[in-house]
Amino acid sequence: MQPTFTSSRILLPVRPWFIVASLLFALLGNLLPTAYWPGIPDWVALLLCFWSIREPRRVGMGWAFALGLAMDVADGAVLGQHCFAYVLLAYMAAAQSRRILWFPVAQQALQILPLLLGSQVLQLLMRLVAGGDFPGWGYLIGPVLGALLWIPGTFLLLLPQYQPVERDENRPL
């Protein structure tokens, strides 16, 4: 499914418009009214983590700050709550990107879980320090579902980058 260190498949370069479109769709997914249900993952954090691991030179802390600011304004949350959590998430994901990409996709999901959980806990702590109410333990189920969605999400987000299976006998690659 995914090219790993033992795979012979070569991915095409990702198009910048695809990264921007996927992040904007994630932002729209967080703005839906269903985003506040228990167990729904933070789509922006999930895709920000994905692109920070896959393309750390294109998506990093700048994108994380901008998307976090947009989420703070949209949620009416403490200004900087999402910004701080997303910037730390992008930094940690980019710092561990080479190690995480070494694993198969199912094991990558296990590596992503602490990143997503840490981001969610950090947002929760900032909300509690500012005087907000505890949203319940269902708030922490979202990162677990996000880690489970890492497997099909990786396949879907890498699908446009796969080269055709047709092989030209005159080309070595």
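Residues numbered from 1 in each chain as written. Predicted model: local features only at pLDDT ≥ 70, side-chain atom pairs only at ≥ 80, totals over all residues. Heavy atoms only, no water.

Some points on the overall build of the chain
Here is step 1 of the chain: Per the secondary structure count, the chain includes eight helices and zero strands.
Here is step 2 of the chain: In sequence order, the chain lays out its α and β elements as α-α-α-α-α-α-α-α.
Here is step 3 of the chain: Its C-alpha atoms give the chain a radius of gyration of 17 Å, within 12% of the compact-globule value 16 Å for 173 residues.
Here is step 4 of the chain: Across its three principal directions, the C-alpha atoms of the chain cover 65 × 30 × 30 Å.
Here is step 5 of the chain: Put simply, the chain has 173 residues, and 39% of those count as buried.
Here is step 6 of the chain: Summarising the internal contacts of the chain: among those between residues at least 6 apart in sequence, 69% fall at separations of at least 24.
Here is step 7 of the chain: For the chain, the accessible area works out to roughly 10,100 Å², and carbon and sulfur atoms hold 69% of it.
Here is step 8 of the chain: The averaged location of the 8 negative side-chain charges in the chain is 10 Å from the averaged location of its 10 positive side-chain charges. (Helix = DSSP H or I, 4+ residues; strand = E, 2+ residues; numbered from the N terminus. Rg over C-alpha atoms; globule rule 2.2 N^0.38 Å. Buried < 20%, exposed > 50% of the residue type's maximum accessible area, 1.4 Å probe, protein only. Contact = heavy atoms within 4.5 Å. Areas by Shrake-Rupley, 256 points an atom, 1.4 Å probe, with all protein chains shown as cover. Lys, Arg positive; Asp, Glu negative; His and termini not counted. Charge placed at Lys NZ, Arg CZ, Asp CG, Glu CD.)

Notes on helix α4 (residues 81-95)
Here is step 1 of the chain: End to end, α4 covers 21 Å across 15 residues, agreeing with the expected 21 Å (1.5 Å per residue, within 8%).
Here is step 2 of the chain: Taken as a whole, α4 has its buried residues at Q81, H82, C83, A85, Y86, L89, A90 and A93.
Here is step 3 of the chain: The elements touched by buried residues of α4 are α1 (16-31), α2 (43-54), α3 (61-75), α5 (97-101) and α6 (105-129). (Expected span 1.5 Å × (residues − 1).)

Points about the packing of α3 against α4
Here is step 1 of the chain: Running from N to C, α3 and α4 cross one another at 155°; their axes reach a closest spacing of 7 Å. One finds that α3 runs roughly antiparallel with respect to α4. You can see that α3 and α4 cross each other, and the crossing is right-handed. Residues M61, A64, F65, L67, G68, L69, M71, D72 and D75 of α3 pack against Q81, H82, C83, Y86, V87, A90 and Y91 of α4.
Here is step 2 of the chain: A class-by-class count of the residues in the contact of α3 with α4 yields eleven nonpolar, three polar and two charged. (Axes fitted to C-alpha atoms, helices over the stretch in contact; angles between N-to-C directions. Parallel < 35°, antiparallel > 145°, perpendicular 65-115°, else oblique. Left-handed = near helix turned anticlockwise from the far one by under 90°. Nonpolar A, V, L, I, M, F, W, Y, C, P; charged D, E, K, R; others polar.)

Topic: the nonpolar core
Here is step 1 of the chain: Of all hydrophobic cores here, the largest spans 33 residues; its most connected members are C49, W51, I112 and W150.
Here is step 2 of the chain: Only α1, α2, α3, α4, α6 and α8 (150-158) provide two or more residues apiece to this core.
Here is step 3 of the chain: For this core, the leading source of residues is α2, giving nine residues.
Here is step 4 of the chain: Residues in contact with I112, not counting those within four places in the same chain, are C49, I53, I100 and W150. (Core = buried A, V, L, I, M, F, W, Y, C linked by side-chain atoms within 4.5 Å.)

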